[in-house]
Amino acid sequence: MARKKSNSSLMIIGIIIVALIAGFFLYKSGVFGGKDKGKITVYSIFQEEEARKILDKFKAETGIDYEVLRLPSGEAVTRVQNEKNSPQADFVMGGPADSHEVMKKAGALESYISPNAKDLADNVKDKDGFWTGFYLNPVAIGINENRWKEKYGTAPYPQSFKELLDPKFKGEIGMSDPATSGTAYTAVASLAQVWGKDEMLKYVGQLLPNLKERPKSGIEPIQKAAKGEYTIGITFLGDQLKMKNQGNPIVSIVPEAAGYEVGGLAIIKGGKNTEGAKKLMDFMLTKEPAQLYTESAMAVAVKPGVPIPKNGVDINSTKYNTKYSLWQAAEERKELQDALKNLK
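Residues numbered from 1 in each chain as written. Predicted model: local features only at pLDDT ≥ 70, side-chain atom pairs only at ≥ 80, totals over all residues. Heavy atoms only, no water.

**What to know about the overall build of the protein**
If you tally the helices and strands in the protein, you get twelve helices and eleven strands. Across the 344 residues that make up the protein, the buried fraction comes to 51%. A separation of at least 24 residues holds for 75% of the contacts in the protein among residues at least 6 apart in sequence. Of the roughly 15900 Å² that the protein leaves accessible, carbon and sulfur atoms contribute 52%. (Helix = DSSP H or I, 4+ residues; strand = E, 2+ residues; numbered from the N terminus. Buried < 20%, exposed > 50% of the residue type's maximum accessible area, 1.4 Å probe, protein only. Contact = heavy atoms within 4.5 Å. Areas by Shrake-Rupley, 256 points an atom, 1.4 Å probe, with all protein chains shown as cover.)

If you want it as structure tokens, here you go:
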């Protein structure tokens, strides 16, 4: 009788041990609310170091690990569309909102309205929750002051896009390719809205002889201008301020008709960790990640209450195109890009 009781006790203890072990692993997997809740894959148009600062904080707070792949916005859009039937990522971080509109129309994004988006202005978020804005950043003309003095002495800096057509700037300007870079596309889309499509195409055709190169990535022109490879880089203002704060002799002009990006955030439809992606969206729309990003990228947060970063620029003091329509830019994207490809 004692042996039977002993065997029964051992069996009960064994069942308890197995249950505890199983419960531990279920807890760790997140089924019962444990901290470690799998991994999220992020396509980042942010520079990688900026994305990792935010994602490391997200991981520390939620236990959700991440993988990040840095892509120019054009490549990110193409990849998300091509992978629509078998998504390889869960979240798109950054890139102009018109790019997110393209992915939305392709049916590649998941609708999610975060409770943390309620205080954002209507013009920086999709009303149906397919993308939500994170920062605002106008296009600017960035000039290497030292190279300018060598080339042009005390001549005044160009204050408008059309001044860049001056033949003296031949080979002295860098602007990324609008077919692959959201930066350059934002610049030309805004000009098309202000001047009309035909006038914009005429302008770009006249500007081409002055371009030293058209790299894929939007940030490259100001990086190379900062190194003195040429005098002028047409990029987003935040990239220029970042170069300046690193000690480079960069001065920035935000000209009239300059478009702007609203850097978007989006959840990829059918990703492997949609719940984790929703948690990332909620986290991104709090003040701390907005502050981290603005201090690093020198952009302006769309989240109310986040201050302009030290040495930043109050864009309301500039002449940027406040009437620029992200939705129109998205609608015209293919048409304008196809037309631009025909320019030599």
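Now that the structure is up, let's keep going.
**Quick notes on the packing of helix α7 (residues 197-207) against helix α12 (residues 326-341)**
The N-to-C vectors of α7 and α12 enclose an angle of 35°; their axes lie 11 Å apart at closest approach. Remark: the crossing between α7 and α12 carries right-handed chirality. From α7, K197, M200, L201 and V204 reach across to α12, where they touch E335, L336, A339 and L340. When its residues are assigned to classes, the contact of α7 with α12 shows six nonpolar, no polar and two charged. (Axes fitted to C-alpha atoms, helices over the stretch in contact; angles between N-to-C directions. Left-handed = near helix turned anticlockwise from the far one by under 90°. Nonpolar A, V, L, I, M, F, W, Y, C, P; charged D, E, K, R; others polar.)

**So, the nonpolar core**
Considering soluble globular proteins, one finds that nonpolar side chains tend to be buried as a cluster. In terms of nonpolar packing, the biggest core is built from 96 residues, with F91, M93 and L280 touching the most fellow members. In this structure L280 touches I40, V42, L55, F58, F91 and M93, once residues within four positions along its chain are discounted. Formed by seven residues, the second largest nonpolar core is a distinct cluster that contains A225, Y230, M243 and I250. (Core = buried A, V, L, I, M, F, W, Y, C linked by side-chain atoms within 4.5 Å.)

**Description of the pairing of strand β10 (residues 260-268)**
On a regular strand, one side chain projects to one face of the sheet and the next to the other, so that they alternate. For β10, a buried count of nine out of nine residues is recorded, marking the element as mostly surrounded by other parts of the structure. Side-chain alternation along β10 places Y260, V262, G264, A266 and I268 on one buried face and E261, G263, L265 and I267 on a second face that is also buried. Looking at chain direction, strand β3 (residues 91-96) and β10 are connected through four bridges and run antiparallel. In the strand pairing of β10, M93 is matched with L265. Looking at chain direction, strand β4 (residues 109-110) and β10 are connected through two bridges and run antiparallel. Across the sheet, L109 pairs through a bridge with I268, a residue of β10. Pairing between strand β5 (residues 132-144) and β10: six bridges, direction antiparallel. Residue pairing in the sheet places P138 in a bridge with Y260 of β10. (Pairing = 2+ DSSP bridges.)

**A look at the packing of helix α4 (residues 97-105) against α12**
Between α4 and α12, the shortest axis-to-axis distance is 8 Å and the interhelical angle comes to 55°. If you check the angle between α4 and α12, you find them oblique. The chirality of how α4 crosses α12 is right-handed. Contacts between α4 and α12 involve A97, D98, S99, E101, V102 and K105 from the first element and L326, W327, A329, A330, E331 and R333 from the second. Taken together, the residues that form the contact of α4 with α12 break down as six nonpolar, one polar and five charged. (Parallel < 35°, antiparallel > 145°, perpendicular 65-115°, else oblique.)

**Some details on empty space enclosed by the protein**
Over the atoms rolls a probe the size of a water molecule, and in doing so it shows where empty space is left. Counted according to the given criterion, the structure contains five cavities of 30 Å³ or more. Quantified by volume, the largest cavity comes out at close to 250 Å³. Taken together, 23 residues make up the lining of the largest cavity; nearest its centre are I45, Q47, R70, T183 and D239. Taken together, the elements giving at least two residues each to the lining of the largest cavity come down to β5, α6 (182-195), α9 (237-245) and α11 (287-297). Volume-wise, the second largest cavity comes out at about 60 Å³. Contributing to the lining of the second largest cavity are F161, M175, A187, V188, L191, Y203, V204, L207 and I234. Secondary-structure elements contributing two or more residues to the lining of the second largest cavity are α6 and α7. Among the residues forming the lining of the second largest cavity, the class breakdown is nine nonpolar, no polar and no charged. (1 Å grid on protein atoms, 1.4 Å probe; cavity = no way out; pocket = protein on both sides within 12 Å on 5 of 7 lines; lining within 4 Å. Points joined across faces, edges and corners; volume = space filled by probe spheres on them.)

**Things to note about the packing of aromatic side chains**
One pass over the full model with this rule turns up 15 aromatic pairs. Between F134 and Y135, the ring centres sit 6.4 Å apart and the planes meet at 85°, which makes this aromatic pair edge-to-face. Here the aromatic residues F46, F134, Y135 and Y293 are joined through ring pairs into a cluster of three or more. Against the face of W195 rests K162, its NZ or CZ located 4.6 Å from the ring centre. (Phe/Tyr/Trp six-rings, centres within 6.5 Å; stacked < 30°, edge-to-face > 60°. Lys NZ or Arg CZ within 6 Å of the ring centre and 35° of its normal.)

**Some points on the pattern of salt bridges**
Side-chain pairs of opposite charge can arise where the charged atoms are in close proximity. Using the criterion set out here, one finds 21 salt bridges in the structure. A salt bridge links E61 to K57; the shortest N-O distance between them is 3.9 Å. Taken together, the positions of E61 and K57, both in helix α2 (residues 48-62) and four residues apart, correspond to about one turn of that helix. Residue E61 is classed as partly exposed on the basis of its relative accessible area of 43%. Relative accessible area serves as the criterion here: at 29%, K57 is assigned to the partly exposed category. K334 serves as the salt-bridge partner of D338, at 2.8 Å between the closest nitrogen and oxygen. You can see D338 and its partner K334 sitting in helix α12, four residues apart, about one turn around the helix. You can call D338 partly exposed: its relative accessible area is 31%. A relative accessible area of 60% means that K334 is categorised as exposed. (Salt bridge = Lys/Arg side-chain N within 4 Å of Asp/Glu carboxyl O.)

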